[in-house]
Amino acid sequence: MAIVDVVVIPVGTEGPSVSKYIAEIQTKLKEYKKAGKIDYQLTPMNTLIEGELADLLEVVQAIHELPFDKGLDRVCTNIRIDDRRDKSRKMNDKLASVEKHLNSNGDNNENI
């Protein structure tokens, strides 16, 4: 199981807001999730998607194409892939591991 950190940047929009494009991307991701191929999490700065690498690359291509389908002539997409093969871990497992370390430090968050 791999995790992709993806940012799709539509270029040449009518204004500085791109939330309507991001909403369309989230709708497409929901379709892939319903099909059982991925899970995903929207954040204020990116979207995290987890699944099998081949599925993730398919999804990234699909969401990269969406702004073109709306008439834009340029889209920049940044991706970062975390593909760990020695064990299967999900996004929530990674967060739980960090929380475990935080809790073992006596709830002292001053060092964060």
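Overview of the structure. Every value quoted in this text rests on a predicted model; they were computed, and no experiment measured them.

A word on the side chain of Gln26
Here's step 1: Along the chain, the position of Gln26 falls in helix H1 (residues 19-34).
Here's step 2: Judged by relative accessible area, which is 11%, Gln26 ranks as buried.

What about the packing of aromatic side chains?
Here's step 1: Scanning all chains against the criterion turns up zero aromatic pairs.
Here's step 2: Sitting over the ring of Tyr40, Lys33 keeps its end group 5.8 Å from the ring centre.

So, helix H2 (residues 53-69)
Here's step 1: The terminal C-alpha atoms of H2, which comprises 17 residues, lie 25 Å apart, in line with the 24 Å expected from a rise of 1.5 Å per residue.
Here's step 2: All of the buried residues in H2 are Leu56, Val59, Val60, Ala62, Ile63, Leu66 and Pro67. In an axial view of H2, the angular spread of the buried residues amounts to 165°, which keeps them on one side of the axis. In H2, the exposed residues that point more than 90 degrees away from the buried face are Ala54, Gln61 and Asp69.
Here's step 3: Close packing links the buried residues of H2 with strand E1 (2-11), H1, strand E2 (38-42), strand E3 (47-51) and strand E4 (74-83).
Here's step 4: Directly beyond the C-terminal end of H2, a positive phi value near 100° is found at Gly71.

Quick notes on the rules
In every chain, residue numbers begin from 1 and rise along the written sequence. Only residues with pLDDT of at least 70 are given local features in this predicted model, and only at 80 or more are side-chain atom pairs given and counted; all residues enter the totals for whole chains, interfaces and linings. Where side-chain values are given, they derive from all heavy atoms of the structure, hydrogens and water being excluded. The numbering of helices and of strands both runs from the N terminus, where a helix is a DSSP run of H or I of at least 4 residues and a strand a run of E of at least 2. For every residue, the accessible area (1.4 Å probe, protein chains only) is compared with the maximum for its type, and the residue is labelled buried under 20%, exposed over 50%, or partly exposed between those bounds. In this scheme Phe, Tyr and Trp rings, the latter by its six-membered ring, pair at centre separations within 6.5 Å, and the angle between planes marks the pair as stacked below 30 degrees, edge-to-face above 60, and tilted otherwise. Lysine NZ or arginine CZ positioned within 6 Å of the ring centre and within 35 degrees of the ring normal marks a charge as sitting over the ring. Here the expected span of a helix is defined as 1.5 Å times the quantity of residues minus one. Regarding the arc, it is the one traced by the directions from the helix axis to the C-beta atoms. Residue contacts are defined here by distance: any two heavy atoms, one from each residue, within 4.5 Å place the two residues in contact.

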